[in-house]
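Structural features, examined
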Amino acid sequence: MSHTHVPAHATPALPEHTQLPEHAQLLEAAHAAGLAALRSRNPGVDPARLPEAMRALGWVSLAAVGSLLVSSGALRTGGPPRSPGQIMDALAVAPRHVWLVRRWLEVLAEDGVVVRSADGRRFGLSLTAPVADGEAEDALEGTYAALGFPPVMPAFHRTALGRLPELLRDEVTVQQLLFPDGDALTALAGYQTSAVGEYVNAAAGHAVREAAERLRSRRVRIVELGGGAGVCTAAVLRALRGVDANYLFTDVSRLFTVTAQQRYARELPGLRCALLDIDEDFARQGLPPGSADVVLAGNVLHNAVDARTSLRRIRELLAPGGRLVFTESVGENRAVLTSMAFLLSPEPGRPRVGSGDRRRETGSAFLGAEEWDEELRAAGLTPLGSLPDPDSPLAAVGQHVFVADVPAEGAS
């Protein structure tokens, strides 16, 4: 199997004297750290309810899109199927959001909200298509609370659903809805906080610490890519308490690097901050080959234009025996497609995320777990596995943590 998984709901009993492989021990311990963080920071969240909550959010999103297709005249119940271009015209979709509407149509077809014509090139509205329901939208608070999100998330999603036509036409941006008072940092931290987020970030922190403890003979060199609002950073720094680390926090935005310096420098005196773009050569940005022992990337690698190229840059940055730890969404859940996915639409003149790799063919902004495994191997990294286990209720949210190592010097 290409991935080693540890169930999030239980740890299987092992025969006496059985010794797990080293990478399996790492994942088991990281899983335990993630569960402990989830339970302590989200005591009201029942992991068993997560799949149901995700289905409910998906239903609300699909119903909102179905209603928009009808109200705009893009599709009519019982009407003739129409091409994606005709649907785009009816919705007056801005060019940068065309990819997103194409993803909507693919997902709507998968879920039976629209049906494809015989030639597969046109779409018609299903007779059983859901319609937006105010009562269902009113339940967003409870649904998001079941996932461990703060109240700011359902408030934003409700606003986004109500303004889908304007978002598509670029008459309003999702940033304006996300940050109505201009406080991007606080708002982003709120939107990125959830029960499964706590789980994967704490598991990532354990994987980083385990790598650091193997280098006790010297100060461990850690580089965080795309640190953003610092949600993953905070979890990893908690795990690193007592570890002597040279920590470099990077992001493409000066807003985040300046704030991280102010927020975390006292907690970790070895912390520095710098600007870095994962789509550009690292050495030219001041990070020479082999200058990191650990690279951390919290929910940022999907933003790469070419994920494999970015992974190869990370592989070059890591010293022999080094480790990459990253968290990622492994698919577009239906709620994201009517909310945060607007953030992935490129600014005019900029390439779309994934347009330089296999995502160019699928149109998705995200890679699946097995696809990440393949990309890691192609970049010269050795995948150790990912969490949570696909059979766990935690997997319903689609957030994973991945661990991969660079072969040590002399290793075959």
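Residues numbered from 1 in each chain as written. Predicted model: local features only at pLDDT ≥ 70, side-chain atom pairs only at ≥ 80, totals over all residues. Heavy atoms only, no water.

**Quick word on helix α14 (residues 307-317)**
Among the residues of α14, Ala 307, Ser 310, Leu 311, Arg 313, Ile 314 and Leu 317 are the ones counted as buried. What you see down the axis of α14 is that its buried residues fit within an arc of 155°, all on one side. Here the buried face of α14 lies against β3 (220-225), β6 (292-298), β7 (318-329), α16 (359-362) and α17 (369-378). Its side-chain oxygen at 3.1 Å from the backbone nitrogen of Arg 308, Asp 306 defines the N-terminal cap of α14. (Buried < 20%, exposed > 50% of the residue type's maximum accessible area, 1.4 Å probe, protein only. Helix = DSSP H or I, 4+ residues; strand = E, 2+ residues; numbered from the N terminus. Arc of directions from axis to C-beta. Contact = heavy atoms within 4.5 Å. Polar contact = N/O pair within 3.5 Å; in protein donor to acceptor, adjacent residues only side chain to side chain.)

**Topic: the packing of helix α3 (residues 84-91) against helix α4 (residues 98-110)**
Remark: α3 packs on α4, axes separated minimally by 11 Å, with the N-to-C direction vectors making an angle of 120°. In this view, α3 runs oblique relative to α4, as classed from their interaxial angle. Relative to α4, the crossing made by α3 is right-handed. Side by side, α3 and α4 meet where Pro 84, Ile 87, Met 88 and Leu 91 of the first sit next to Val 98, Val 101, Arg 102 and Leu 105 of the second. Here the contact of α3 with α4 is built from residues that sort into seven nonpolar, no polar and one charged. (Axes fitted to C-alpha atoms, helices over the stretch in contact; angles between N-to-C directions. Parallel < 35°, antiparallel > 145°, perpendicular 65-115°, else oblique. Left-handed = near helix turned anticlockwise from the far one by under 90°. Nonpolar A, V, L, I, M, F, W, Y, C, P; charged D, E, K, R; others polar.)

**Looking at the pairing of β3**
Within β3, five of the six residues are buried, which leaves the element mostly enclosed by the surrounding structure. Pairing between β3 and strand β4 (residues 245-251): five bridges, direction parallel. Following the sheet pairing, Ile 222 is matched in β4 by Tyr 247. Running through helix α12 (residues 231-239), the crossover from β3 to the neighbouring parallel element β4 is right-handed. Bridge analysis of β3 against β6 gives four bridges, and the strand direction is parallel. Within β6, the residue paired with Leu 225 across the bridge is Ala 297. (Pairing = 2+ DSSP bridges. Right-handed = clockwise from strand over helix to strand, strands pointing away.)

**Let's talk about the environment of Gly 112**
Tracing the sequence through the fold places Gly 112 in the loop between α4 and β1 (114-116). Residue class for Gly 112 comes out partly exposed when judged on its relative accessible area of 30%. In this structure, Gly 112 is in contact with Ser 126 and Thr 128, ignoring residues within four places of it in sequence.

**Observations concerning the side chain of Asp 279**
Its location among the elements puts Asp 279 in the loop between β5 (271-275) and β6. The buried charged residue Asp 279 lacks any salt bridge, with Arg 350 as its nearest oppositely charged partner at 4.8 Å. If near-sequence neighbours (up to four positions away) are discounted, Asp 279 is found in contact with Asn 303, Ala 304, Val 305, Asp 306, Ser 310 and Arg 313. (Lys, Arg positive; Asp, Glu negative; His and termini not counted. Salt bridge = Lys/Arg side-chain N within 4 Å of Asp/Glu carboxyl O.)

**Quick word on the pattern of salt bridges**
Summed over the entire model, instances satisfying the criterion amount to 26 salt bridges. A salt bridge links Arg 116 to Glu 106; its shortest N-O distance comes to 2.5 Å. With Arg 116 in strand β1 and Glu 106 in helix α4, this residue pair connects regions lying 10 residues apart in the sequence. For Asp 293, the salt bridge goes to Arg 218, with nearest N and O atoms at 2.9 Å. In this pair, Asp 293 sits in strand β6 while Arg 218 sits in the loop between α11 (195-213) and β3, placing the two residues 75 residues apart along the sequence. Residue Asp 293 is classed as buried on the basis of its relative accessible area, which comes to 5%. Where salt bridges share partners, they join Arg 308, Arg 358, Glu 371, Glu 374 and Glu 375 into one cluster.

**Points about the state of the cysteines**
Under the counting rule described, the total for this entry stands at zero disulfides. The thiol sulfur of Cys 232 is not disulfide-bonded, and the nearest other cysteine sulfur, from Cys 273, lies at 15 Å. Judged by its relative accessible area of 23%, Cys 273 falls in the partly exposed class. (Disulfide = S-S within 2.5 Å.)

**Quick word on the packing of aromatic side chains**
Enumeration according to the criterion identifies four aromatic pairs in this entry. Here the aromatic rings of Tyr 144 and Phe 149 are separated by 5.4 Å at their centres, their planes lie at 85°, and the arrangement is edge-to-face. Overall, the relative accessible area of 19% leaves Phe 149 in the buried class. When the centroid spacing of 4.8 Å and the interplanar angle of 10° are considered together, the rings of Phe 326 and Phe 402 count as stacked. Of this pair, Phe 326 sits in strand β7 while Phe 402 sits in strand β9 (residues 399-405), and the two are 76 residues apart along the sequence. By the ring-pair criterion, three or more aromatic residues cluster together here, those being Phe 326, Trp 372 and Phe 402. (Phe/Tyr/Trp six-rings, centres within 6.5 Å; stacked < 30°, edge-to-face > 60°.)

**Points about the nonpolar core**
Among the nonpolar cores identified, the biggest contains 97 residues, and Leu 69, Leu 91, Trp 104, Leu 147, Phe 156, Leu 240 and Tyr 247 are the most heavily contacted of them. With residues up to four places along the chain from it excluded, the contact list for Leu 147 reads Val 45, Leu 50, Ala 53, Met 54, Leu 57, Ser 194, Ala 195 and Val 397. In terms of nonpolar packing, the next biggest core, distinct from the first, is built from 29 residues, Leu 276, Leu 381, Phe 402 and Val 406 among them. (Core = buried A, V, L, I, M, F, W, Y, C linked by side-chain atoms within 4.5 Å.)

**Some thoughts on α12**
Among the residues of α12, Cys 232, Thr 233, Ala 235, Val 236 and Leu 237 are the ones counted as buried. Where α12 is buried, its residues touch α11, β3, β4, α13 (254-264), β5 and β6.

**Re the sheet that holds strand β8 (residues 382-387)**
The sheet built from seven strands is open, its strands ordered β5-β4-β3-β6-β7-β9-β8 with mixed pairing. In the strand order of this sheet, the two ends are held by β5 and β8, each with one partner. Ignoring strand direction, the axes of neighbouring strands in this sheet form an average angle of 15°. In the sheet, β6 pairs with β7 via six bridges, with the strands oriented parallel. Along β7, the bridge assignment pairs Val 295 with Leu 324. Across the sheet, α11 lies against β3, β6, β7, β8 and β9, angled at about 175° from β7, the strand it touches most. Strands in contact with α14 are β3, β6 and β7; relative to β7, the strand with the most contacts, it is inclined by about 145°.

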